[in-house]
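# Chain and residue survey
Take a look at the letters that make up each chain.
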Amino acid sequence: MILIAPSMLAADFLHLEKDVRMVNEHADLFHLDIMDGTFVPNISYGFPVVEAIASIAEKPLDVHLMIVHPEKYIERFARVGTRMLSFHLNATDKPAQALLHIRETGMKAGLVINPDMPVETLYPYLHLCDYIILMSVFAGFGGQRFIEDTYDRIRTLKAEIDRLGLDVKIEVDGGVCPDNARRLIDAGAEILVAGSAVFKAEDPAKVIAALR
Ligand code: DX5
Ligand code: ZN
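Quick look at the structure, then. Not measured: the values here are computed from a predicted model.

A tally of regular secondary structure across the protein gives eight helices and eight strands. Counting only C-alpha atoms, the protein reaches 40 × 35 × 30 Å along its principal axes. Residue pairs in contact within the protein that sit at least 24 positions apart in sequence constitute 62% of those at least 6 positions apart. Of the side-chain charges in the protein, 21 are positive and 30 negative, and the distance between the mean point of each set is 2 Å.

So this is what it looks like as structure tokens:
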């Protein structure tokens, strides 16, 4: 099953409730981008916004940490009701420990890499992951252009996951839209994040349907 995860970074923050209800009704996950201005050159939002979304969310929260020392915040994200928690492989010295810790709290654990990191860097950790996020833009900003390399990267990673007989889902994040969704899914992606394609559209529900 393909899951569609609208990125709330592109939502209308003056009418956040409306956008949360739209996701409740039409999509599968809430993709929440947490940026600290250090790991990436941008700051997004923090716990007050996550908690507000969580208070009326009827779909699981998929939290994407773009912060240094992600291990410091695992418990806190678990407490606010996060279902899936991911961090960048190069954001910590102890990725294996952080993945185990995430799983211990009952959340699904994910690792993320930017487009310039070889997918092979993930291989030592695949058995500790429930999902992988392959960035199809450089993490930090919404609304960037999709990087075409991504299809090959998905195929390579998918082949390794299958070879190992693991159940690790591939999520793609950045510049996803109805035009590239089919190729992404054919390559092996199972979770599609879409920010601007969904929220900048006249009819977000229609775009979500098109992504499916
Ligand atoms: C980028 C974020 C993405 C972003 C996606 O750093 O991780 O989740 O919000 O936005 P679009 O779909 O507009 O590229
Ligand atoms: Zn993201």
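In the region of ligand 1, 20 residues are neighbours, and Asp33, Gly140, Asp173, Gly195 and Ser196 sit closest. One of the side-chain nitrogen or oxygen atoms of His31 is found 3.3 Å away from an oxygen atom of ligand 1. Here ligand 1, which alone exposes 390 Å², has 99% of that area covered by the protein. The pocket occupied by ligand 1, as judged from atoms lying within 2 Å of grid points, is the largest pocket. Here the shell around ligand 1 gets three residues from one element, more than from any other, and that element is strand β2 (residues 30-35). Classifying every residue of the shell around ligand 1 by side-chain character gives eight nonpolar, 10 polar and two charged.

Here is what the cut-offs are and how they apply
Residues numbered from 1 in each chain as written. Chains lettered and ligands numbered in written order. Predicted model: local features only at pLDDT ≥ 70, side-chain atom pairs only at ≥ 80, totals over all residues. Heavy atoms only, no water. Helix = DSSP H or I, 4+ residues; strand = E, 2+ residues; numbered from the N terminus. Contact = heavy atoms within 4.5 Å. Lys, Arg positive; Asp, Glu negative; His and termini not counted. Charge placed at Lys NZ, Arg CZ, Asp CG, Glu CD. Near = heavy atom within 4 Å. Polar contact = N/O pair within 3.5 Å; in protein donor to acceptor, adjacent residues only side chain to side chain. Areas by Shrake-Rupley, 256 points an atom, 1.4 Å probe, with all protein chains shown as cover. 1 Å grid on protein atoms, 1.4 Å probe; cavity = no way out; pocket = protein on both sides within 12 Å on 5 of 7 lines; lining within 4 Å. Sits in = over half its atoms within 2 Å of the grid points. Nonpolar A, V, L, I, M, F, W, Y, C, P; charged D, E, K, R; others polar.

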